[in-house]
Amino acid sequence: MKVLLVEDDPELAQGVARFLRGQGDEIVHLADGMQADQLLQTDAFDFALIDVGLPGLGGYEIVRRIRNRGQGLPVILITARDALDDRIYGLDVGADDYLPKPFQLAELTARMRAVLRRGGRSEPRNVLSFGPLNLDLEGRLASLDRQPMALTAREWDLLEALVAADGRTVPKEKLQAEASGNAVEVYVSRLRPRLEAAGLKIRTVRGFGYRLESTVCGKGDAD
Ligand code: CA
């Protein structure tokens with residue numbers, strides 16, 4: 001499999017890379033977190049091993065961005081920190097497992113196999129998107145332009161209906177049901193300025209309903 005190894009300790013990186021290559025894996029090694037984040041947006045990998053303490057961008061943030069983009073890539077975080085809090089935090093941000101340093105290479109591969117056996121997240125997560133807006137339906141996580149977007153439950157329901165319609169008009173009655181009691185207009189007017197900053201617009205279709213539009217070219221798939 002094609003494995004991305006992000007580790008700034010050259011000795012450790014070399015040891016891991018040599019061991020995995022010996023097992024027939026293809027290893028891409030980077031020592032800088034920012035470069036890793038960029039590569040993960042353009043290249044497909046089967047597995048990622050990511051150090052927590054990295055120059056450029058830390059391991060937790062790399063994993064958070066992977067999950068915000070809806071990428072199902074299996075990830076093990078590697079770190080010198082072995083406090084329980086860090087471990088929980090690492091799993092919270094979306095890592096599949098956590099390996100404290102120092103570790104035996106045999107333990108690393110055993111954990112990798114375990115993650116893959118569990119199915120890891122090899123199936124892409126259930127994500128709805130419209131341009132720069134992504135809704136992770138399993139995790140109920142919204143992101144806009146790769147930044148987490150906090151939504152109330154009603155805002156989420158409305159947005160989910162609009163994104164699922166993929167640019168088609170959603171009847172106002174359907175949205176009104178999602179808004180449960182309150183006026184749809186209230187939620188729409190709250191969401192509008194937030195979406196407009198990212199080039200998305202909730203257009204009113206008079207007498208019928210609302211639809212999501214991109215104010216930039218295409219559907220906002222600038223990337
Ligand atoms: Ca490090």
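Presented here is an overview of the structure given in this document.

What counts, and at which threshold
- Residues numbered from 1 in each chain as written.
- Predicted model: local features only at pLDDT ≥ 70, side-chain atom pairs only at ≥ 80, totals over all residues.
- Heavy atoms only, no water.
- Pairing = 2+ DSSP bridges.
- Helix = DSSP H or I, 4+ residues; strand = E, 2+ residues; numbered from the N terminus.
- Axes fitted to C-alpha atoms, helices over the stretch in contact; angles between N-to-C directions.
- Contact = heavy atoms within 4.5 Å.
- Expected span 1.5 Å × (residues − 1).
- Buried < 20%, exposed > 50% of the residue type's maximum accessible area, 1.4 Å probe, protein only.
- Phe/Tyr/Trp six-rings, centres within 6.5 Å; stacked < 30°, edge-to-face > 60°.
- Lys NZ or Arg CZ within 6 Å of the ring centre and 35° of its normal.
- Parallel < 35°, antiparallel > 145°, perpendicular 65-115°, else oblique.
- Left-handed = near helix turned anticlockwise from the far one by under 90°.
- Nonpolar A, V, L, I, M, F, W, Y, C, P; charged D, E, K, R; others polar.
- Donors = N, O, S within 2.8 Å, 3.2 Å for Na, K, Ca; no water.

With that out of the way, let us pick up the sheet that holds strand 5 (residues 97–100). The strand order 2-1-3-4-5 describes an open sheet built from five strands, whose pairing is parallel. Edge positions in the sheet fall to strand 2 (26–30) and strand 5, since each of these pairs with one other strand and no more. On average, adjacent strands in this sheet sit at an angle of 20° to one another, irrespective of strand direction. Looking at chain direction, strand 1 (residues 2–6) and strand 2 are connected through five bridges and run parallel. In the strand pairing of strand 2, Val-3 is matched with Ile-27. The strands that helix 3 (residues 59–68) touches are strand 3 (47–51), strand 4 (75–79) and strand 5; relative to strand 4, the one it contacts most, it runs at about 170°.

On to helix 6 (residues 153–164), then. With 12 residues, helix 6 ought to run about 16 Å at 1.5 Å a step, and its terminal C-alpha atoms sit 16 Å apart, in line with that. Here helix 6 has its buried residues at Glu-155, Trp-156, Asp-157, Leu-158, Leu-159, Ala-161, Leu-162 and Val-163. Positive backbone phi, at 50°, marks Asp-166, one or two positions downstream of helix 6.

Turning our eyes to something else, we now look at the packing of aromatic side chains. Counted by the stated rule, this structure contains zero aromatic pairs. Above the plane of the ring of Phe-45 lies Lys-2, whose end atom (NZ or CZ) is 4.8 Å from the centre.

One way to put it is that helix 2 (residues 33–40) packs onto helix 3 with a least axis distance of 10 Å and a crossing angle of 15°. The orientation of helix 2 relative to helix 3 falls into the category roughly parallel. With respect to the hand of their crossing, helix 2 and helix 3 are arranged in right-handed fashion. Contact with helix 2, carried on its side by Gly-33, Met-34, Ala-36, Asp-37 and Leu-40, involves Ile-62, Arg-65 and Ile-66 of helix 3 and no other residues of that element. In terms of residue class, the contact of helix 2 with helix 3 is made up of five nonpolar, one polar and two charged.

Here we take up the coordination of the calcium ion. Octahedral metal centres with six donors ideally show angles of 90 or 180 degrees, and tetrahedral centres with four donors ideally show 109.5 degrees. At the metal site, the calcium ion is ligated by Asp-8 (OD), Asp-51 (OD) and Gly-53 (O), and these contacts range over 2.1 to 2.3 Å. Donor residues for the calcium ion sit on one chain with the sequence pattern D-x42-D-x1-G. Linking Asp-8 in the loop between strand 1 and helix 1 (10–22) with Asp-51 in strand 3, this pair joins segments that are 43 residues apart in sequence. The buried category is assigned to Asp-51, whose relative accessible area is 3%.

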